[in-house]
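Here's the letter readout for the chains.
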Amino acid sequence: MNEMNRDQLKELSQPFFLKAEKKESNTLILLVHGFGASCTETLPLAEFLVREGYDCYGILLSGHGSSSKDLDKIKWTDWLNDIKDAYDKYSKKYDKIIIGGVSLGGALSLYFGSLFHVDGIFTINAFYEFKPLHKIITPLLAIFKKHIPRSEQRITWYIKHNLFSYSYDSTYGAYQILKFHKKLHKNIKKISVPVLLTQSQTDQTVKPKNAEKIYKKLQCKKKLVKIPQGDHILTVDENRELAFKEIIAFIRNIN
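This is a predicted model, so every value here is computed, not measured. (Residues numbered from 1 in each chain as written. Predicted model: local features only at pLDDT ≥ 70, side-chain atom pairs only at ≥ 80, totals over all residues. Heavy atoms only, no water.)

Draft legend 1. Local environment of the layout of surface pockets. In this structure, the largest pocket spans a volume of roughly 1000 Å³. Sorting the residues of the lining of the largest pocket by element identifies helix H5 (132-143), helix H6 (152-160), strand S7 (168-170), helix H7 (171-187) and helix H8 (209-217) as the ones contributing at least two each. Broken down by element, the lining of the largest pocket gets its largest block of residues, 6 residues, from H5. In the lining of the largest pocket, the residues fall into 13 nonpolar, 12 polar and 10 charged. (1 Å grid on protein atoms, 1.4 Å probe; cavity = no way out; pocket = protein on both sides within 12 Å on 5 of 7 lines; lining within 4 Å. Points joined across faces, edges and corners; volume = space filled by probe spheres on them. Helix = DSSP H or I, 4+ residues; strand = E, 2+ residues; numbered from the N terminus. Nonpolar A, V, L, I, M, F, W, Y, C, P; charged D, E, K, R; others polar.)

Dropping the structure here:
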């Protein structure tokens, strides 16, 4: 895919519904992007899955796909409601619902699966826990709704890989993740459906120990796949095929 301009990427950042190629699908895959990101993050995975015969819906979380300032206006429960809205819209139309996501989207998928019936959950570099220092400073910065710039190198990487992602991190939005994490940590043992965890071992945003902690907490059928190389946003990284193969095998096993 050729490099797109920001207006083109913003158009792609919105929710999407893709039908399976060649055959009708009785399974819907709900896809959830990460913090400060958009549906451009999950679209490459969806395009892969529809070729494999599955319908996909890309959820856009509240406060995303627009301006980072919009993250100053939301609560973490809005993200849960975004997923629930999609679930309610499609769950009666399909025999099976599988949910998965990247980073925060992976963590939200786990939490959603602890509350509502899904047939399987998969995560890509799930964001399960803040670093100790960030747990302290994030609530303080959130009071003033500070926005922290991401590095120029990272922003350039987003553009190169056709991602509509914010150039700034909202500390108020990050504080909502911190509050959400408390709920997730309490509920994770309630998950009863199969879970696939994929984790890049060279992820510089979410350290691999996040996946290991999730794996230890889960009391359901589970699998942790360690991807030797890959960026945090593994769905657009050159190593994504390794994760995609594991995900499609996981989905087929459920079906």
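Following the structure, the description resumes.
Draft legend 2. Structural view of the sheet that holds strand S1 (residues 16-18). If you walk across this open sheet you meet the 7 strands as S1-S3-S2-S4-S5-S8-S9, and the pairing is mixed. Only two strands of the sheet have a single neighbouring strand rather than two, namely S1 and strand S9 (222-227). Neighbour to neighbour, the strand axes of the sheet diverge by 15° on average, direction disregarded. Examined bridge by bridge, strand S8 (residues 195-200) and S9 share 6 bridges and lie parallel to one another. Along S9, the bridge assignment pairs Ser200 with Ile227. Sitting on the sheet, helix H2 (residues 43-51) is in contact with S1, strand S2 (27-32), strand S3 (55-59) and strand S5 (120-124), with an inclination near 20° to S1. Across the sheet, H8 touches S8 and S9, and the angle it forms with S9 is around 165°. (Pairing = 2+ DSSP bridges. Axes fitted to C-alpha atoms, helices over the stretch in contact; angles between N-to-C directions. Contact = heavy atoms within 4.5 Å.)

Draft legend 3. Seen up close, the state of the cysteines. For the structure on display, the rule yields 0 disulfides. Free cysteine Cys56: the closest other cysteine sulfur is in Cys39, separated by 12 Å. (Disulfide = S-S within 2.5 Å.)

Draft legend 4. Main features of the packing of aromatic side chains. Throughout the structure, instances matching the rule amount to 13 aromatic pairs. Plain terms: the ring middles of Tyr87 and Phe116 are 6.2 Å apart, the flat faces sit at 40° to each other, and that makes the pair tilted. In this pair, Tyr87 sits in helix H3 (residues 76-90) while Phe116 sits in the loop between helix H4 (104-115) and S5, placing the two residues 29 residues apart along the sequence. The class for Tyr87 is buried, based on a relative accessible area of 13%. Members of the aromatic cluster, connected to one another through ring pairs, are Phe17, Tyr57 and Tyr90. If you follow Lys145 out to its NZ or CZ, it ends over the ring of Tyr172, 5.0 Å from the centre. (Phe/Tyr/Trp six-rings, centres within 6.5 Å; stacked < 30°, edge-to-face > 60°. Buried < 20%, exposed > 50% of the residue type's maximum accessible area, 1.4 Å probe, protein only. Lys NZ or Arg CZ within 6 Å of the ring centre and 35° of its normal.)

Draft legend 5. Up close: the pattern of salt bridges. Scanning all chains against the criterion turns up 11 salt bridges. Across the pair Glu129 and Lys135 runs a salt bridge whose closest N-O atoms are separated by 3.6 Å. Of the residues examined, Lys135 reaches a relative accessible area of 37% and is grouped as partly exposed. What you see here is one network of salt bridges that share partners, running through Lys19, Glu24 and Asp55. (Salt bridge = Lys/Arg side-chain N within 4 Å of Asp/Glu carboxyl O.)

Draft legend 6. Representation of unusual backbone geometry. Phi at Asn125 is positive, roughly 50°, even though this residue is not glycine. With respect to the helices and strands, the residue Asn125 is situated in the loop between S5 and H5. A relative accessible area of 0% places Asn125 in the buried class. For Lys145, which is not glycine, the phi dihedral falls at a positive 50°.

Draft legend 7. Quick look at the side chain of Thr42. Mapped onto the elements of the fold, Thr42 is located in the loop between S2 and H2. The residues contacting Thr42, other than those within four sequence positions of it, are Phe16, Leu31, Val32, His33 and Val102.

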